[in-house]
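Architecture and fold: a report
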Amino acid sequence: MAPQYLLDLGIEQPNKVYANLSPAELVEEAVKRGQGILAANGAISVDTGEHTGRSPRDKYVVRRPATEGNIWWGKVNAGVTPDVADRLLALMAEHLRGQDLFVVDATAGADPDYALPVRVITPYAWQGLFARNLFRREQTTGKDEERFTVLVAPKFHAPAEELGLKSSTAVVLDFEKRLVLICGTEYAGEIKKSIFTVMNYEMPLRGVLPMHCSANVGQDGDVALFFGLSGTGKTSLSADPERGLIGDDEHVWTDDATFNVEGGCYAKCIKLSEEKEPDIYHAIKFGSVLENLVLDAKRYPDYNDGSKTENTRVAYPLDYIANAVPGGRGAAPSAVIFLTADAFGVLPPISMLTPEQAMYHFLNGYTAKLAGTEKGLGKEPEATFSSCFGQPFLPLAPEVYANMLAQKLEKTGVPVYLVNTGWSGGPYGVGERMDIRYTRAMVRAALNGSLKDADTFVDPVFGLRIPCEVAGVPNGVLNPRDTWTDKNEYDVQARALAQRFERNHNAIRGVLAEPKPETAPV
């Protein structure tokens, strides 16, 4: 007899249900089924097939009366009717009939006052291990009615024409039924980000700010937040051996604290080295999940080989990082850092923002999407603007999150910095990626307070205040114009990017000025 929670989903006859297995058991089942192989470092190595990144154009939100007025409808949140969602669920349930299923019960959110129970159901044992790594393993009690279920059918391709979907891949969020449906993709990042989207819906309604950022804490208890999109350095910069790691990607800021949404890390592996990122390098061991890595004849990962995708990944538990904070919580932030990977090579490597500039850059959320992070991106990075440094995961309008952040910055006076981890000396293909050792030195200077009274100069194009000196960083690196051989070309590129900022910001203000439903939460 199937468990009641499967019967409730219409899955009446699974073959065998494996609930809450240990990492060793999940690895064993994955290898036995040919879903992955053990790499030489002990991690299980898997391929995700056609999809090696997220499919944001295939994300949908179900239009139901209780939640209709809250959602920021449009390009980010396309709507589907309840009939379509119910039909998709029935088709997925039929597809999963007779299959072995792996179930993981976990939690999103390290603060028990805000924790969200999560249940992941998938036919892939390695995805069960992924979920076990990425979500928190402590269990909540008495909150079954709050649980979100993520049902995954990687090999099921939705009948797009019949259901009116864009493709046979679908990620459908039903906030009223507390259900996520994922089909047509084996990429496990969809599981992680769907629950982050849920937290981005639920937390503002409860008066706290969810954030697409990493967080770490110093020996004196000072907490730093690192906002940024994939590939900008959130994971690498937060994994600092001199500071405790709270988490690498998703957090919540309450009145007096910061807590991690997740129980693990999902780090990019491309060009990973023991020298530059020792914490991440040594976290790749038994119990970790490698995605789309090329292994040599002896099964050692080649971290420099991006032939499958530039978006090679590893998922590991937070406690695989030696200095991770066990409880996943810290004080309210003492510093906020916005990360960007500027493909044009014109933004300074570090600058200090006024409160007004902080909101401008938060709403714009500029970076370059690096190849492979999403389906459809080619070999070249693409400049992009993503509100709140996480637009694909915002079910509510950007102003909801921006207003909450502005209030916190005004109340606390926390300093905000913009750090460019992208290119220097020219655009992508001409210049070079900023050396992570210099970036670490700049971040440490920001966090230890040495930039507070530093001599600065103002960039004439972007109006950003740049320090004249930073310990451990060559002075010639700090002014991006100085790093270019052709200064006139720099001026052209800088003005072009500044104009892109203005066009995007004007477009955002136009969208936010549109009338909102009376039931909008903010």
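Before reading further, recall that the structure is shown in the block above.
To keep things clear, this report deals only with the structure shown in the data block. (Residues numbered from 1 in each chain as written. Predicted model: local features only at pLDDT ≥ 70, side-chain atom pairs only at ≥ 80, totals over all residues. Heavy atoms only, no water.)

Considerations on the overall build of the chain
Counting its regular elements, the chain contains 13 helices and 30 strands. A compact globule built from 522 residues would reach a C-alpha radius of gyration of about 24 Å, and the chain, at 22 Å, matches this within 12%. Seen through its C-alpha atoms, the chain measures out along the principal axes to roughly 70 × 60 × 45 Å. Within the chain, the fraction of its 522 residues that count as buried is 61%. Counting only contacts in the chain whose residues sit at least 6 apart along the sequence, the fraction spanning at least 24 positions is 73%. Summed over its atoms, the accessible surface of the chain is roughly 20500 Å², and 49% of this surface lies on carbon and sulfur atoms. Seen as two clouds, the 53 positive and the 67 negative side-chain charges of the chain have centres 2 Å apart. (Helix = DSSP H or I, 4+ residues; strand = E, 2+ residues; numbered from the N terminus. Rg over C-alpha atoms; globule rule 2.2 N^0.38 Å. Buried < 20%, exposed > 50% of the residue type's maximum accessible area, 1.4 Å probe, protein only. Contact = heavy atoms within 4.5 Å. Areas by Shrake-Rupley, 256 points an atom, 1.4 Å probe, with all protein chains shown as cover. Lys, Arg positive; Asp, Glu negative; His and termini not counted. Charge placed at Lys NZ, Arg CZ, Asp CG, Glu CD.)

Description of the packing of helix 4 (residues 125-134) against helix 6 (residues 189-205)
Direction vectors running N to C along helix 4 and helix 6 enclose 40°, while the axes themselves pass 9 Å from each other. Classed by the angle they form, the pair helix 4 and helix 6 counts as oblique. At the point where helix 4 passes helix 6, the crossing takes the right-handed sense. Where helix 4 abuts helix 6, its residues Q127, F130 and L134 lie against G189, I191 and K192. A breakdown of the residues in the contact of helix 4 with helix 6 according to their chemical character gives 3 nonpolar, 2 polar and 1 charged. (Axes fitted to C-alpha atoms, helices over the stretch in contact; angles between N-to-C directions. Parallel < 35°, antiparallel > 145°, perpendicular 65-115°, else oblique. Left-handed = near helix turned anticlockwise from the far one by under 90°. Nonpolar A, V, L, I, M, F, W, Y, C, P; charged D, E, K, R; others polar.)

Here's the deal with the sheet that holds strand 2 (residues 37-38)
Taken in spatial order, the 5 strands of this open sheet run 2-3-17-20-16, and their pairing is mixed. Single-partner strands in this sheet number two, and they are strand 2 and strand 16 (264-268). (Pairing = 2+ DSSP bridges.)

A word on helix 3 (residues 82-96)
Think of an α-helix as turning once every 3.6 residues; residues three or four places apart then point the same way. A rise of 1.5 Å per residue sets the reference length of helix 3, with its 15 residues, at 21 Å; its end C-alpha atoms lie 21 Å apart and thus fit the reference within 8%. Among the residues making up helix 3, those that are buried are V84, A85, L88, L89, L91, M92, A93 and L96. Downstream of helix 3 by a residue or two, G98 has a phi angle that is positive, lying close to 80°. (Expected span 1.5 Å × (residues − 1).)

What about the pairing of strand 14 (residues 250-253)?
Across a regular strand the side chains alternate sides, sitting on one face of the sheet and then on the other. Of the two faces of strand 14, the one holding E250 and V252 and the one holding H251 and W253 are both buried throughout. Relative to strand 14, strand 11 (residues 209-217) runs antiparallel, the two being bridged by 4 bridges. Bridge pairing links P210 to V252 in strand 14. Inspection of the sheet shows strand 14 paired to strand 15 (residues 257-260) by 3 bridges, in the antiparallel sense. From the neighbouring strand, H251 faces strand 15, where its bridge partner is N260. The loop that links strand 14 with its antiparallel partner strand 15 comprises 3 residues.

Limitation: the analysis is restricted to geometry and does not speak to function.
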